[in-house]
Structures are given as structure tokens and as C-alpha cells.
Amino acid sequence: DIVRIWNKTKTLRGPSKKLVTAVPDLFLTSVKLSHDATGAQYLHAARDDSNNLFSVQFRTTPMDSTGVPHILEHTVLCGSQRFPCRDPFFKMLNRSLSTFMNAFTASDYTMYPFSTQNAKDFQNLLSVYLDAVFFPCLRELDFCQEGWRLEHETPTDPSSRLMFKGVVFNEMKGVFSDNESLYAQHLQNKLLPDHTYAVVSGGAPLDIPDLTWEQLKHFHATHYHPSNARFFTYGDLPLEQHLQQIEKEALSKFERTEPNTAVPPQAHWDKPRVDHVTCRPDALAPDPMKQNTLCMSYLLGDITDTFEAFTLSLLSSLMISGPNSPFYKALIEPEIGSDFSSSVGFDGSTRQASFTIGLQGMAEDNTETVKHIIAQTIDDIVATGFEEEQIEALLHKIEIQMKHQSTSFGLALASYIASCWNHDGDPVQLLKISENVSRFQQCLKENPRYLQDKVQHYFKDNTHRLTLTMSPDERFLEKQAEAEEQKLQEKIQNLSDADHKDIYEKAGLMLLLLQVCSCWPFRAQDASCLPALKVSDIEPIIPYTPVQLGTAGGVPVQCCEQPTNGMVYFRAMCNLNSLPEDLKIYVPLFCSVITKLGCGELDYRQQAQRIELKTGGMSVSPQIIPDTDQLDLYEQGIMLSSSCLERNLPDMFQLWSDIFNRLVFFQETEKEIFKSLCKSASARPAGDLQRDGPGEIAELTDLTSVLRKLPRIKRHLLNPENMRCAVNATPQKMSDAAGEVERFMGNIAANRKERKPVRPTVVEVRPLDPQAGSSASRKLISEPHFKPCQMKTYFQLPFNVNFVSECVRTVPFSHADYASLCILARMMTAKFLHGEIREKGGAYGGGARMGGGGLFSFYSYRDPNSTQTLSAFRGGVEWARAGKFTQQDIDEAKLSVFSAVDAPVAPSDKGLGRFLNGITDEMKQRHRERLFAVTNKNLTDVAGRYLGVGQQTCGVAILGPENESIRKDPSWVVK
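Residues numbered from 1 in each chain as written. Predicted model: local features only at pLDDT ≥ 70, side-chain atom pairs only at ≥ 80, totals over all residues. Heavy atoms only, no water.

1. Re the pattern of salt bridges
Consideration 1: This structure, assessed with the given rule, holds 47 salt bridges.
Consideration 2: Between Arg 351 and Asp 302 there is a salt bridge, with the nearest N and O atoms lying 2.9 Å from each other. With a gap of 49 residues between them, Arg 351 in the loop between strand S15 (345–347) and strand S16 (352–362) and Asp 302 in strand S13 (residues 292–302) connect regions that are remote in the sequence.
Consideration 3: Residue Asp 302 is classed as partly exposed on the basis of its relative accessible area, which comes to 23%.
Consideration 4: With its nearest N and O atoms 3.6 Å apart, the salt bridge here joins Glu 878 to Arg 881. In this pair, Glu 878 and Arg 881 are both assigned in helix H29 (residues 867–881), three residues apart and thus about one turn of the helix distant.
Consideration 5: When its relative accessible area of 40% is taken as the criterion, Glu 878 is described as partly exposed.
Consideration 6: Several salt bridges share partner residues, and in doing so they unite Arg 95, Lys 831, Asp 889 and Glu 892 into one network. (Salt bridge = Lys/Arg side-chain N within 4 Å of Asp/Glu carboxyl O. Helix = DSSP H or I, 4+ residues; strand = E, 2+ residues; numbered from the N terminus. Buried < 20%, exposed > 50% of the residue type's maximum accessible area, 1.4 Å probe, protein only.)

2. Topic: a negative patch on the surface
Consideration 1: A cluster of acidic residues, Glu 387, Glu 388, Glu 389 and Glu 392, forms a negative patch on the protein surface.
Consideration 2: Along the chain, Glu 388 falls in helix H13 (residues 388–403). (Patch = residues over 30% accessible without salt bridge, like charges linked within 9 Å, V, L, I, M, F, W, Y side chains within 5 Å. Areas by Shrake-Rupley, 256 points an atom, 1.4 Å probe, with all protein chains shown as cover. Lys, Arg positive; Asp, Glu negative; His and termini not counted. Charge placed at Lys NZ, Arg CZ, Asp CG, Glu CD.)

3. Comments concerning the sheet that holds strand S18 (residues 548–552)
Consideration 1: The strand order across the open sheet formed by six strands is S18-S19-S23-S20-S22-S21, and the pairing between neighbours is mixed. Where the open sheet ends on each side, the last strands, each with one partner, are S18 and strand S21 (618–626). Recorded for the sheet is a direction-independent mean angle of 25° between the axes of neighbouring strands.
Consideration 2: Looking at chain direction, strand S19 (residues 555–561) and strand S23 (residues 723–729) are connected through five bridges and run parallel. Residue Cys 559 lies in a different strand from S23, and its bridge partner there is Val 727. (Pairing = 2+ DSSP bridges. Axes fitted to C-alpha atoms, helices over the stretch in contact; angles between N-to-C directions.)

4. Looking at the pairing of S19
Two faces, one strand: in a regular strand the side chains alternate between the faces of the sheet.
Consideration 1: With six of its seven residues buried, S19 lies for the most part within the structure.
Consideration 2: Both S18 and S19 contribute to a ladder of five bridges, which runs antiparallel. In the sheet register, Gly 550 faces S19, and the bridge partner there is Val 557.
Consideration 3: Here S18 hands over to S19 after two residues, with Gly 553 in that stretch at a positive phi of 60°.

5. Some thoughts on the side chain of His 70
Consideration 1: Within the secondary structure, His 70 sits in helix H2 (residues 68–75).
Consideration 2: Judged by relative accessible area, which is 5%, His 70 ranks as buried.
Consideration 3: Residue contacts for His 70: discarding those within four places in its chain leaves Thr 105, Val 168, Glu 171, Met 172, Ser 201 and Gly 202. (Contact = heavy atoms within 4.5 Å.)

6. Examining the sheet that holds strand S31 (residues 973–974)
Consideration 1: Spatially, the six strands line up as an open sheet ordered S28-S29-S27-S30-S26-S31, and their pairing is mixed. In this open sheet, the two strands that pair with only one neighbour each are strand S28 (845–850) and S31.
Consideration 2: Bridge count for S28 against strand S29 (residues 855–863) is six bridges, and the pairing is antiparallel. When the bridges of S29 are listed, Arg 849 appears paired with Ser 857.

7. Some remarks on the UniProt feature "coiled-coil region" (unreviewed entry) in the protein
Consideration 1: The feature "coiled-coil region" (unreviewed entry), as given by UniProt, occupies residues 474–501 in the numbering adopted here.
Consideration 2: Secondary structure across residues 474–501 divides into 82% helix and 0% strand, with the first and last C-alpha atoms of the span separated by 40 Å. (UniProt positions renumbered as here; feature names shortened; annotations may be inferred.)

8. Some remarks on the packing of H2 against helix H8 (residues 213–223)
Consideration 1: Packing of H2 against H8 leaves a shortest axis separation of 10 Å and a crossing angle of 85°. With respect to their mutual orientation, H2 and H8 come out roughly perpendicular. From H2, Val 68, Pro 69, Ile 71, Leu 72 and Thr 75 reach across to H8, where they touch Gln 215, Leu 216, Phe 219 and His 220.
Consideration 2: Of the residues belonging to the contact of H2 with H8, the class tally is six nonpolar, three polar and no charged. (Parallel < 35°, antiparallel > 145°, perpendicular 65-115°, else oblique. Nonpolar A, V, L, I, M, F, W, Y, C, P; charged D, E, K, R; others polar.)

9. A look at the pairing of strand S26 (residues 791–796)
Consideration 1: Bridging between S26 and strand S30 (residues 954–960) involves six bridges; their strand directions are parallel. Note on S30: the bridge partner recorded for Lys 792 is Val 956.
Consideration 2: One ladder, built from two bridges, connects S26 with S31; its direction is parallel. Residue Tyr 794 lies in a different strand from S31, and its bridge partner there is Val 974.

10. A few points about the packing of aromatic side chains
Consideration 1: Inspection of every chain in the model, using the stated rule, returns 35 aromatic pairs.
Consideration 2: Pairing Phe 660 with Phe 744 gives two aromatic rings, centres 5.3 Å apart and planes at 85°, and the pair type is edge-to-face. On the criterion of sequence distance, the pair formed by Phe 660 in helix H23 (residues 649–661) and Phe 744 in helix H27 (residues 734–750) is long-range, its members being 84 residues apart.
Consideration 3: Residue Phe 744 is classed as buried on the basis of its relative accessible area of 1%.
Consideration 4: Taking the centre distance of 5.9 Å and the plane angle of 75° together, the rings of Tyr 844 and Tyr 861 count as edge-to-face. Here Tyr 844 is found in the loop between helix H28 (818–840) and S28, whereas its partner Tyr 861 is found in strand S29, with 17 residues between them in sequence.
Consideration 5: Here the basic side chain of Lys 217 rests over the ring of Trp 213, its NZ or CZ set 3.6 Å away from the ring centre.
Consideration 6: Positioned above the aromatic ring of Tyr 859 is the side chain of Arg 849, whose terminal nitrogen or guanidinium carbon lies 4.2 Å from the ring centre. (Phe/Tyr/Trp six-rings, centres within 6.5 Å; stacked < 30°, edge-to-face > 60°. Lys NZ or Arg CZ within 6 Å of the ring centre and 35° of its normal.)

If you want it as C-alpha cells, here you go:
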């Protein structure tokens, strides 16, 4: 009956469209509805997936940069009519088994998604989310805390200086301290200057203080209404139940309105435009003279034309992706810049899509050269088009993406349809990927110049083109600080005596009282008003993951049969204990280039094409895996990872065989691509600290000495004696996959070369599964000369916020206290550190976590404070040692920990914990039982035993701007 409340004939795109549509590509059935009374739009994706998702999104189109949609996103989650307690959103993190909870502010919409595997939990979270977005309290003090406020530097001292504070204010200062984010924002603002895209929806730090509480409430009233809402649900729970709850708790209380939120098309320019912006210098740039960015951005078509957007997205990939793409050849290989700009590619997040091409890390005097190359490359594409194999490889990539099963498919789906649906496009049509592929292939068949014509129209002949350059300004941060100070003084000058009193008493003392008091006398109810699961709702026993352990050519192989949807996943762990010490520093470099230099009969371009045609990707990554029993034992090695469609199994293993047996190292073209790869790897933001990395290597005039080390590393690492393998595939295909692994091992064993043995410092051979009687083992080592020591390190970086951490050595995974430390970290975060670091301190986030390697870590990020946050960490320990928590607090922490422990695992990753870490299902079950058993006494005991001052070795690190007090403190090492 509930479906009758929803209009079954008047669908999103008119009565001719079907209400229920099968989408076999994605193994789902879509149900599309619109609500009679309010006009709310609804899409349900029914799929055999227990990780059910809900999201509601509103079209939010601000016309200034005060950040009103962003601050509103934060503030609606601070309490609502049914749940008026403080911060119900954060409290629900500890009262549910959610697999995801968050909210997003985009340029033109705001989305509130959550997911969970528990049906009761879904209903609880749905109640909280519906009440939050439609019936929020929007209290003034919550606006002050989450948005912005004037407050004394010391809230209890009215003589201390006034300053801007607020969570979003600090968050956006952090965002715009990143040059790439700054550039991307300017690019959108200047390419689409006529409406909402001309402003910063997240908020520009200097504009945020212009937003008033009244304006925030008005924006909610005009934008957060069912008539402006789009609901999406996904998973295996029944649709009717969702509709009934949404109708009862929200929609039945509204009438239809006509929201004025539509985004009009951007007027097309009659001639291209040029603009320039500045940024902060990158203190860690490999070449200080190469810090410029240049991009050309083209306005394309409306994203609601789903097939045209699909075609342009494919076209973008053909133009820029991989070493065979024309722009890679033209812009990256000549080494004019360090890499493509992070803004490069197709962008379908605005009503009209755009395409951007350009470089970062280039010299200013190369500006005209880059402009010429871009124009010439477009001419070349119009003239010659693309190779058929390139197009085939791209379509193969789409097929892989459809086959691969992720654990957060519902969230990915919600994000994928959000922009198109936001502008009244058909979200179901967007999901019909095979239909779009077939139509695309038909267009190519009918017109061989189909893609060239698109390039001619959208790029060659397009006058709506922006060329935006960015260069560093030595005074950039200084100017920012001056502008903020000027804004602050303007605000202060307009204050009356009554305003000053209000700032001290209301925005200062009262807010401080709310932040520090465990009981809040000003609220209608405490957290007991919130729905919650109980610890008894958690499954006591984990589901068992069966694996078969065997060998191939003497190499241990773990086979895990899973519903992988026609995909095969292969991993190999290669131990590096025999590698000489002087070569270890080059292992990350070896991993980053080893699949990109060419192999067998293939040069690096042909190899890249072959990988795209026959696999879902091939990668090699360094691994350091801690032991589960002893803190100072670990395994070091590299992991090979790849996947493919079942039909391409032989091709995938042939590629690996060629990499093992027939790598190309010393030809001139390989030397050049090697140098180019090193440069790309070094093109990172200043916050990405590195030592002796690819960037330094790229600057060497002669790379021969470095290249000669790679074959030596290969002989040690890519060797069957040091390997173990894992395969995940369907039961029907597992024997074929095992046969291919056997052949692969035979191929690489036949070409094995002798190497000089090196004896590792200390080795302990530990079976992966002692009960299975398999030959698979982990070769663990320790560093006999390493002794942990107390250290405090400050990394001075060009940021205007801090990133703070303290790590304490505790116990490994198998220790009886490990479970108690996991619960303690979560409880300390929710009940103490969140209030101290985020609410009082104004950081974007902070807390504590227990790591698998035995490190108990405190952290904060985008934090206006530094040493004050370290005091908050210590305060959390004293709070825990004093036992200032209840059984309810412990139970909530257990729920939060179990939501992570029981997070869904994709079929491709089942059994991976056993393969890499040796953590068997029996060990997981033992850990689970210890989590259930944690008591108040356990928590106070471990807090004192491991986290008390002087109890264990700890290290402190802060990344942040210049800090005079730390610089003068001899206990700190400043870098």
C-alpha cells in the first residue's frame, strides 16, 4: 500500500519511462519513484548485497563563498527535534554497526549517506538522518562551533586577543593551504563564472566570517525540503519498509513547494579567456625554478545527456591515460613539467562537463611551449585519431570495472549518479553501461572519424576555453595572514561593548561549558534519546573462510574459492631477506618502475597496452608486515598484485613470466622512461616527505649506476625460492588458475640465475598456519642494533594548520591486552578526545587508534593547535586511568570496534589476512572473544600499564607552520 503514496506513473523523465528496470550489467533492479504530495524523487537499487546504503541529497546552490552549504552540513548533524542531544552524528558512530557514515558538500549538492549490514541498525540510522536533515535544531552555539566565531585566544581570559575559530573555518584554511586544491577551485570558478560555480561552496576562509546564523537557517528552509530532495537506497532490504519509514518520519509532514535551486546553463564565450593566480612556494619542490602550473580547460556539454557524457569521458581517457595516449607522449615524455596537473581530465561534477589538460612542476618560460604543444596535439588527434587497440583496451577496462565487486558498491553507485540526477538527468540510464558501450561501438562503426569529430567540435573549435596559469609568490602566506588579520580587525571595530560581553560569555564561556561538561544542562535530553544496538546484537562467531593450501613448483600457493564474478585475482609475496643492505633503499623505486619498463618482445608502450588489454592492472608494492607475536619481528618484501577476466588468465601470467625472465633495463628508450617515471613519482605536495626518493634520482645526470642496481634487486626478489602465492577465483575456474600458476612457476624456475647469498641479520621461520601442515611460512627478521628511544620531532612545512601525532609501543596482536587497547582507543576518542580536539580545539578531527603493529597512536589533523593537542592526548590517558567512564561507554566502544572488525570483505580479498599476516580464522575468533570480554578494570589497567608517562617508549611528531616556542625548546628536534 505504501507504494500508492508514491506516484507510479509520473516518473523522473515522464510517463513513457518504466518504473522498474533491470540493470543486468550491475546485477541489480532499479525502482524509480516520485512522491505525490511533495515531489521528492526516489531511486532504489535492489541487489543481492547485505551492505545496505541510504542517502538523501539536496541541490544546494549558494551564490556567495561564505560556505553556507558546508557549515549547514556540519550543523544539521549537531542535534534535531527527536534527537536534541549534542552531536548525535558522532554519538551514533558508537551506537551502531555502520560500515559508513558521513556527509559531503559538493559544488551544487549536499549528500548524507550511511551504510550498514544490520537491518535494525539501518532503521535506527535512517531515523537519525531523516530527523537531522529535515528537523535540525540549528542552535546558534552549534553554528558558532562548527562554522565560525570570534573568541578569545584563551576563552576564560577576556583580556587575551580575539581570533577566528570554528571547525569549518579551520578545515577550509587547511584545504586552501594545498596548492592543487587552490588551483582546482580557481579553475572551476573562472571557467563557470555566471552562477553558483563562481563561488566556493565549501567556504573561502575570508568570506566565512560574513555568514550569519539567520542566513544559515534561511538556507536550510529554502533548500532542505522534500521537493528539493533525492532519496537513494541500495541493497537487499525490502523497499516497502524504507518507503514506510521515510513517509512516516519525514515526508508526511511536508507539502510540495517549488524550490528555486536549478542551475542555468553557463553562457558560452565567444572567445577564449586567459587568467593567472598565485600560490605558496613548495619548500620541497625538486627544482625551485619549476613550480608553475598551466592548464587549458574546455567547457563541454550538459551531463544530463548521459551518452554524450559517457563518450566524452572515454575520449578523455584516450587522450591522457597511459604512455600510449597522445598527451602523455606530447607533454610528459619531453619532461617539460613534473607531471600532469591534478585537475587534468574529464570532470562531470558540474551541470556542464569540462575537460582540462596541462602540466604542473614546469618553468615559467615554458608557458608558450606548453600552449603550442596542447594546440598541436589536438590538431594531431583530429588528423590521425586513435589506434583501434587503444579503444579496445579502454572498453576492456570498463568490462573489468563492471565485473569487479567492491565492498562499498552502494556508496560508489550513489556518488556516480549524484551529479547527473541532481540536474534532473535519468540516473537509471546512467547505469546502463553495456548499452552505452554498444551504442559507442555502433557510432564508431558508422563513422570511423566519430571521435575525431568530437575532438574537432569540443576542443579545436571550442571558444569557451580558459587558460589558467599559477605561479608561486614568496609572500603568499604572509599576504593570507595579513588579509585574515585585516578581516579580524574589521569585525572587532564594529563590536559594541555588549558584543564584547556576548563573545566572552556566550561564544566563549558557554560554548566552553558545553564542550567540557559531560552533562549538558541546556539540552532537552541526553544521549539516551538516540537509538542504539546492543552488544548482544553482534554475532558471536565469525564466518569461516575456507582456503586450500598447496604448492606449485615448490612454491606455497593459497587458493580461496569465491564468487568473483568471472574475475581471477593473483598475489605473490616475495621476501627480501636475502637482499644486500645497500640495495634496500632502492626497493620502492624498483616497485614503481618494474611493470613499466617493457618486457619480452614488448617495449614500454606495448607492455602498457598489453596490460590494459588483458588485465585489470599489474602492480608491485613494498611490504613491511609486523609479527603477530613479537613487537620487533617483521617480514619485509614486495607484493605482486594483478587481476584479469577468466578468459585472459594465460595472458596475465605470460606478462608476469616476461617481467620475471625478460625485463628490459639498458636500452636508451628505457633509460628515458625510467627518468620520466622518477620525475612523476617526485611530483608530490610538500607534505609528502621523502628521503633518497625517485625525485633525487631523476636529477642525476647519469642514471646508469642506478639502473644497474635494478637487475641485482630483481635477481633476489623475483625468485621462486622467496615466494608464496595466493589466488582468488570461482570454484569453476580455480583448477585452471592453479594450472596457470604451476606453468608460471615452471617458466620462472627454468630461467633462475644464481645469486650470491646474503645472510639476514636474524630470521625466524614461522608457518602461516601451524595447524594446516602447509609449507607456507613467513621469514621474520629483527634489527639487533635498533633500540626504541623517546623522540619529539617537528617538521616545519608551509601549512597554516598542524598535523599532530604521538605513538606508544604497546603489545602485538596476539597479546591478551591487545583487545583492551583497541576498545580503549575507540572509547577515549568518542568520550574525551573528540570533545577536546575538535569541539574545544577546533581541529577538523582527532582521536586514538590501536594499530596491528602494536603502536597505540594519538592523532589530530587540520588542527590550529600543536602542543595544546599533545596536552589533550595526555589528558585522555589520565581520564582513562581514573576510570571516568561507564559500562554504557564501554559497550558503545565495543560496537564501534566491531563495526570495523566486521566490515565487509570483497571476494577478491577473502583470505588475504591469513596469506599476508598469518592471521587465521581461529586467531580472529580468539580476538573477537577477548573484545567481548573487555571490562572496566581491563581498561584502567592497560591505560596505566602502557600509556602512563614513562611506562613505554613513545614518539611525538608534528607537521605544521613555523612554531617559535617549539624552536626554542631543546627537547624538540626541528626539521
